[in-house]
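Coordinate analysis (summary)
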Amino acid sequence: MGLVAKNKHTNELVYIFDYKNPRSELKKDDLLCHLCGGELIIKAGLVRIKHFSHKPNSPCSCDYERHPESEEHLFFKRLIATQLSSEFEEYLNAKPLLEYPVHEVHRVADIVFAFPSGWLVAHEIQLSSITTEQLERRTNDYRNAGVDVIWWLGKSADTETNRQWLYKNYGECYTLDWDEVHKICTEND
Ligand SMILES: [Zn+2]
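Predicted model, so just to flag it, every value in this text is computed and none were measured. (Residues numbered from 1 in each chain as written. Predicted model: local features only at pLDDT ≥ 70, side-chain atom pairs only at ≥ 80, totals over all residues.)

**Looking at the overall build of the protein**
- Check the secondary structure of the protein and you find 5 helices and 10 strands.
- A compact globule built from 189 residues should have a C-alpha radius of gyration of about 16 Å, and the protein, at 17 Å, falls within 12% of that.
- Taken over the C-alpha atoms alone, the protein extends approximately 50 × 40 × 35 Å along its principal axes.
- Counting the 189 residues in the protein, one finds 28% classified as buried.
- In the protein, of all internal contacts separated by at least 6 residues, the share reaching a separation of at least 24 is 51%. (Helix = DSSP H or I, 4+ residues; strand = E, 2+ residues; numbered from the N terminus. Rg over C-alpha atoms; globule rule 2.2 N^0.38 Å. Buried ≥ 20, exposed ≤ 12 C-beta atoms within 10 Å, placed from the backbone. Contact = placed C-beta atoms within 7 Å.)

**So, helix H3 (residues 132–144)**
- Its 13 residues place the ends of H3 18 Å apart at the C-alpha level, agreeing with the 18 Å of an ideal helix rising 1.5 Å per residue.
- Among the residues making up H3, those that are buried are Leu135, Arg138, Thr139 and Tyr142. With its buried residues spanning 100° around the axis, H3 presents them on a single face. Facing away from the buried side of H3 by more than 90 degrees, the exposed set consists of Glu133, Arg137, Asn140 and Asn144.
- Buried positions along H3 lie against strand E6 (95–102), strand E7 (107–114), strand E8 (120–126), strand E9 (147–154) and helix H4 (160–170).
- Directly beyond the C-terminal end of H3, a positive phi value near 85° is found at Gly146. (Expected span 1.5 Å × (residues − 1). Arc of directions from axis to C-beta.)

**Focus on the sheet that holds E9**
- With respect to topology, 5 strands assemble into an open sheet ordered E6-E7-E8-E9-E10, the strand pairing being mixed. Edge positions in the open sheet fall to E6 and strand E10 (174–176), since each of these has one partner strand only. For this sheet, the mean angle separating the axes of adjacent strands, direction not counted, is 35°.
- Taken together, the 7 bridges between E6 and E7 define a ladder with antiparallel strand orientation. Bridge pairing links Leu97 to Val112 in E7. (Pairing = 2+ DSSP bridges. Axes fitted to C-alpha atoms, helices over the stretch in contact; angles between N-to-C directions.)

**Thoughts on the domain arrangement of the protein**
- Per the domain assignment, the segments making up the protein are domain 1 (4–54) and domain 2 (71–188).
- Taken together, the contact pairs 7 residues of domain 1 with 8 residues of domain 2.
- Looking at the side of domain 1 that touches domain 2 residue by residue, the classes come out as 5 nonpolar, 1 polar and 1 charged. (Domains from an automatic or database assignment. Nonpolar A, V, L, I, M, F, W, Y, C, P; charged D, E, K, R; others polar.)

**Some points on the environment of Leu176**
- With respect to the helices and strands, Leu176 occurs in strand E10.
- The exposure class of Leu176 is buried, given the 22 C-beta atoms found within 10 Å.
- Residues Leu176 and Leu153, spaced 23 residues apart in sequence, show a C-alpha to C-alpha distance of 5.9 Å.
- The residues touching Leu176, leaving out its near neighbours within four places in the chain, are Phe76, Ile125, Trp152, Leu153, Gly154 and Val181.

**Brief notes about unusual backbone geometry**
- Not every positive phi belongs to a glycine, and Glu99 is a case in point at roughly 50°.
- Mapped onto the elements, Glu99 comes out in strand E6.
- Despite not being glycine, Lys155 has its phi angle at roughly 45°, a positive value.
- With respect to the helices and strands, the residue Lys155 is situated in the loop between E9 and H4.

**Thoughts on the environment of Glu72**
- Residue placement: Glu72 occurs in helix H2 (residues 71–87).
- C-alpha of Glu72 to C-alpha of Ser53: the two residues are 19 residues apart in sequence and 16 Å apart in space.
- Setting aside residues up to four positions removed in sequence, Glu72 forms contacts with Leu127 and Trp178.

See below:
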């Protein structure tokens with residue numbers, strides 16, 4: 001499940017959160033998975049975060065490694081993609097690309113910011129538990145493809161060990177507090 005689809009006529013990416021009523025504004029047969037070209041459905045409850053999904057009987061045939069995505073994961077992905085440039089000046093001219101396939105390493109990054117100069121920086125959100133070995137392997141994969149990585153840890157992934165390890169090895173890590181962030185965002189809606 002994800003926030004991105006592709007218009008099969010124009011090949012343009014479609015971000016579901018750009019549409020207030022995606023079911024009325026997007027034509028059913030126009031949308032395909034941007035990774036595998038498979039058919040998608042829209043899942044949009046009354047409260048749930050709207051997202052695209054493959055049909056249960058025809059899952060994504062793209063074998064790239066990606067996280068299982070919870071509601072919280074989708075929420076943070078959208079938040080970082082849309083808000084980072086208002087918090088960090090260097091991101092003002094960077095274009096957020098959600099669910100970006102990094103072909104060299106067969107991974108789908110949560111968000112890649114593309115700078116006009118050509119640099120790519122991945123922002124990875126990790127909420128389920130992860131070891132420092134896995135963090136290192138994923139970071140090295142991206143860096144080998146020429147893409148730097150910034151980690152956002154929340155929930156089970158936000159452990160003292162992971163924080164310390166990221167600070168020590170990469171100099172920074174960011175944390176996401178679901179209860180706090182969700183409260184602030186809901187109040188501002
Ligand atoms: Zn797919």
